[in-house]
Amino acid sequence: MIRDQDMLDSLLATLERFVREDLIPRELELVETGVIPEDIASAMRDMGLFGLTLPEEFGGMGLTMEEEVNVAFVLGRTSPAFRSLIGTNNGIGTLGLVSQGTLEQKQKYLPKLASGELIASFALTEPSAGSDSGSVKTRADKQGDYYVLNGSKRFITNAPHAGLFTVFARTDQSKPGGNGVSAFLVERNTPGLSLGAIDKKMGQAGSVTCDVIFENCRVPASALLGKENEGFKIAMKTLDRGRLHISAVATGAADRLIDEALRFAADRKQFGEPIANFQLIQAMLADSKTEAYAARCMILDAARKRDEGRDITVEASASKLFATEMVGRVADRAVQIHGGSGYIQEYAVERFYRDVRLFRLYEGTSQIQQIVIAKRMLKDLQG
Ligand SMILES: Cc1cc2nc3c(=O)[nH]c(=O)nc-3n(C[C@H](O)[C@H](O)[C@H](O)COP(=O)(O)OP(=O)(O)OC[C@H]3O[C@@H](n4cnc5c(N)ncnc54)[C@H](O)[C@@H]3O)c2cc1C
């Protein structure tokens, strides 16, 4: 649902200019330093980008899902690390708080999250609980008016920047899987919370992840998000929206890769003419364009259904599965069209090839999306 087309067009035009004039020219600097330049982070705060999806009454822009994916298509056209800085505040790091938080919790955190003064992270994955996220071992034991957290979380995006973590921990050891898991809002400066070393990753330089460790970390009972033992449901609902967002970012990245490949093909000459004249090159360009268009259509359809209040678990998983696998194929073709240059770091496609690999892994691997879709198909068959 688009609430005001003119306002959205103006936001998208501003973002397109920001991506083209401010972010794309700084991509190499980002790779070399591994840090988002402070003036860029500050411009993102000034533009309100940390609060794109947060409710307007708490200082955000309150974008609908359809508006959000349109924004993500645009942000996807530059290095994903730029988007990642604002990604957790607009997605997995705050969705639980927005949907399940008490008024007091919302008033305390959302205005600071919307302004970018505070960064939020989502801490679900553990060393032994990845795809099987319901098997988390981190425990939260109730002691009077407090919960005491012990355990560790792995690969947590933006953890080194974060001031607030949504942490999933087991509150009932007797209940199986996700049933005994609760969600907590844990502030960075809580004694007993520490961070591991920053992970060295394949790509997405500038987007940081690390372990988050809890050792007798005492949080007040008021830090509980939603009801006790119902945290896993919050995590799963959070992933629905996050998956659609990632699908749109992946599709934006595919658009960028197609542009890079097209321009290179028009410019590069072999056998006395631009390689773009060769039909085998044209086939790769056309397949990429077609697949990116298909992803865009799926994502917009799913986003509109979500805005209508419909259950989009299958559509979100199908979009993520298709869009993130699609961008992998598009990146591969873009490197192929560049020939040897595609393997050289000064060309954006070399970097994007590595950057987009992550999309098939986090917020549910491709196999997990397949399982979600097939499970629902079988359930529907049984009635
Ligand atoms: C850069 C980065 C950022 C991340 N950010 C966050 C974050 O902010 N917060 C957070 O909580 N987590 C985060 N993660 C974790 C991410 O969500 C997990 O890595 C992902 O869900 C996969 O879990 P795993 O790595 O343990 O792999 P595993 O679950 O061990 O999977 C290994 C392989 O087995 C397959 N597999 C597993 N189960 C099945 C099955 N039943 N059937 C078929 N195949 C299966 C998987 O698809 C995969 O191919 C991040 C990860 C990375 C790399």
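The written sequence of each chain sets the order in which its residues are numbered from 1. Reporting of local features is limited, given that this is a predicted model, to residues whose pLDDT is at least 70; pairs of side-chain atoms are given and counted only at 80 or more, and all residues count toward the totals for whole chains, interfaces and linings. The basis for every side-chain value is the complete set of heavy atoms in the structure, and neither hydrogens nor water enter the calculation.

(A) View of the overall build of the protein. Each helix corresponds to a stretch of at least 4 residues labelled H or I by DSSP, and each strand to a stretch of at least 2 residues labelled E; elements are numbered beginning at the N terminus. Counting secondary structure elements, the protein contains 12 helices and 10 strands. Two things to know: the radius of gyration comes from C-alpha atoms, and the globule rule equals 2.2 Å times the number of residues to the power 0.38. By the compact-globule yardstick of 21 Å for 383 residues, the protein fits well, its C-alpha radius of gyration being 21 Å. When its C-alpha atoms are laid out on the principal axes, the protein stretches across 80 × 55 × 40 Å. When accessible area is computed with a 1.4 Å probe and restricted to protein chains, residues below 20% of their type maximum are described as buried, those above 50% as exposed, and intermediate ones as partly exposed. The proportion of buried residues among the 383 residues of the protein is 53%. When contacts within the protein are restricted to residue pairs at least 6 apart in sequence, long-range pairs at least 24 apart make up 75% of them. Each accessible area is a Shrake-Rupley estimate made with a 1.4 Å probe; only the visible protein chains count as cover when residues are assessed. Accessible surface, the protein: about 17300 Å² in total, of which carbon and sulfur atoms supply 52%. With 46 positive and 50 negative side-chain charges, the protein shows a separation of 5 Å between the mean positions of the two kinds. We call two residues contacting when some pair of their heavy atoms lies within 4.5 Å. For the charge count, each Lys or Arg is scored as positive and each Asp or Glu as negative, with His and the chain ends excluded. Charge positions are represented by NZ for Lys, CZ for Arg, CG for Asp and CD for Glu.

(B) Highlighting the site of the ligand. A single heavy atom is enough: if one lies within 4 Å of a molecule or strand, its residue is considered near that molecule or strand. Within the structure, the ligand sits among 18 residues, and Thr125, Ser131, Thr157, Thr365 and Gln367 are positioned closest to it. Throughout this description, a polar contact denotes any pair of N or O atoms lying within 3.5 Å of each other; where both atoms belong to protein, one of them has to be capable of donating a hydrogen while the other can accept it, and for residues adjacent in sequence the pair is counted only when both atoms sit in side chains. Contacts to the ligand include Thr125, whose side-chain N or O atom sits 2.7 Å from a nitrogen atom. Phe155 is positioned such that a nitrogen or oxygen atom in its backbone is 2.8 Å from a nitrogen atom of the ligand. Protein contact buries 63% of the 970 Å² of open area that the ligand shows by itself. Of all elements in the fold, only strand E3 (146-157) and helix H12 (366-382) reach the threshold of two or more residues within the shell around the ligand. Looking at the shell around the ligand, the element that brings in the most residues is E3, giving three residues. Of the residues that constitute the shell around the ligand, the class distribution is nine nonpolar, seven polar and two charged. All amino acids are sorted into three groups, where Ala, Val, Leu, Ile, Met, Phe, Trp, Tyr, Cys and Pro are nonpolar, Asp, Glu, Lys and Arg are charged, and the leftover types, Gly among them, are polar.

(C) Broad picture of the packing of aromatic side chains. Think of it this way: a Phe, Tyr or Trp ring, Trp meaning its six-membered ring, pairs with another when their centres are within 6.5 Å, and the plane angle makes it stacked under 30 degrees, edge-to-face over 60, tilted otherwise. Inspection of the entire model under this criterion finds five aromatic pairs. Centroid distance Phe359 to Tyr362: 6.4 Å. Interplanar angle 40 degrees. Geometry classified as tilted. In this pair, the class of Phe359 matches that of Tyr362, namely buried. In this analysis the charged atom, NZ for Lys or CZ for Arg, is taken to sit over a ring once it is within 6 Å of the ring centre and within 35 degrees of the ring normal. Directly above the aromatic system of Tyr146 lies the positively charged group of Arg218, at a separation of 4.1 Å from the ring centroid. Positioned above the aromatic ring of Phe73 is the side chain of Arg296, whose terminal nitrogen or guanidinium carbon lies 4.1 Å from the ring centre.

(D) Region of the structure containing the pairing of E3. Pairing between two strands requires that DSSP report at least two bridges joining them. In this sheet, E3 lies alongside strand E2 (residues 139-143) in antiparallel orientation, the contact comprising five bridges. Across the sheet, the residue bridging to Arg139 is Asn150, located in E3. The hairpin formed by E2 and E3 contains two residues between the paired strands, and Gly144 there has a positive phi angle of roughly 60 degrees. Bridge analysis of E3 against strand E7 (residues 209-220) gives nine bridges, and the strand direction is antiparallel. When the sheet's bridge partners are listed, Tyr146 is paired in E7 with Pro220.

(E) Inspection of the nonpolar core at higher detail. In terms of nonpolar packing, the biggest core is built from 42 residues, with Val69, Leu257, Val327 and Phe359 touching the most fellow members. Residue assignment for this core shows that the elements contributing at least two residues are helix H4 (65-75), helix H8 (231-267), helix H9 (279-307), helix H10 (313-338) and helix H11 (348-355). The greatest single-element share of this core, amounting to 12 residues, is contributed by H8. When near neighbours in sequence (up to four residues on either side) are disregarded, Val69 contacts Leu244, Ala248, Ile299, Leu300 and Ala303. Leu8, Leu30, Val71 and Ala81 belong to the second-largest nonpolar core, a separate cluster that totals 24 residues. Side-chain atoms within 4.5 Å link the members of a nonpolar core, which is a set of buried Ala, Val, Leu, Ile, Met, Phe, Trp, Tyr and Cys residues.

(F) Seen up close, H9. With 29 residues, H9 extends 42 Å from end C-alpha to end C-alpha; this agrees with the ideal 42 Å at 1.5 Å per step. Within the span of H9, buried status applies to Ile281, Leu285, Ser288, Glu291, Ala292, Ala295, Ile299, Leu300, Ala302, Ala303 and Lys305. The elements touched by buried residues of H9 are H4, H8 and H10. Just downstream of H9 lies Gly309, where phi reads positive at about 85 degrees. One less than the number of residues in a helix, times 1.5 Å, gives the span that helix is expected to have.

(G) Looking closely at helix H5 (residues 80-90). Of all 11 residues that make up H5, 11 are buried, and the element is covered over most of its length. Considered for burial, the residues of H5 that qualify are Pro80, Ala81, Phe82, Arg83, Ser84, Leu85, Ile86, Gly87, Thr88, Asn89 and Asn90.

(H) Structural detail: the pattern of salt bridges. Salt bridges are identified by distance alone: a Lys or Arg side-chain nitrogen within 4 Å of an Asp or Glu carboxyl oxygen. The tally for this structure, following the rule as stated, stands at 27 salt bridges. A salt bridge links Glu27 to Arg351; its shortest N-O distance comes to 3.2 Å. Taken together, the positions of Glu27 in helix H2 (residues 27-33) and Arg351 in helix H11 put the pair 324 residues apart, joining distant regions of the chain. Lys305 is the salt-bridge partner of Glu315, the closest N and O atoms lying 3.6 Å from each other. Residue Glu315 is located in helix H10, and its partner Lys305 is located in helix H9; the two are separated by 10 residues in the primary sequence. Each member of the salt-bridge network shares a partner with another, and the members are Glu27, Arg256, Glu260, Arg263 and Arg351.

(I) Layout of the packing of helix H1 (residues 5-23) against H4. Look at H1 against H4: their axes get within 9 Å of each other, and the N-to-C directions meet at 20 degrees. Taken together, H1 and H4 sit at an angle that is classed as roughly parallel. As H1 packs across H4, the resulting crossing turns out to be right-handed. Contacts between H1 and H4 involve Leu8, Leu11, Leu12, Leu15, Glu16 and Val19 on the former and, on the latter, Glu67, Asn70, Val71, Val74 and Leu75. Orientation is described by lines fitted to C-alpha atoms, with helices fitted over the stretch in contact, and by angles between N-to-C directions that extend from 0 to 180 degrees. Between 65 and 115 degrees an angle is taken as roughly perpendicular, under 35 as roughly parallel, over 145 as roughly antiparallel, and anywhere else as oblique. It is the rotation of the near helix from the far one that decides the hand of a crossing: anticlockwise by less than a right angle makes it left-handed, clockwise makes it right-handed.

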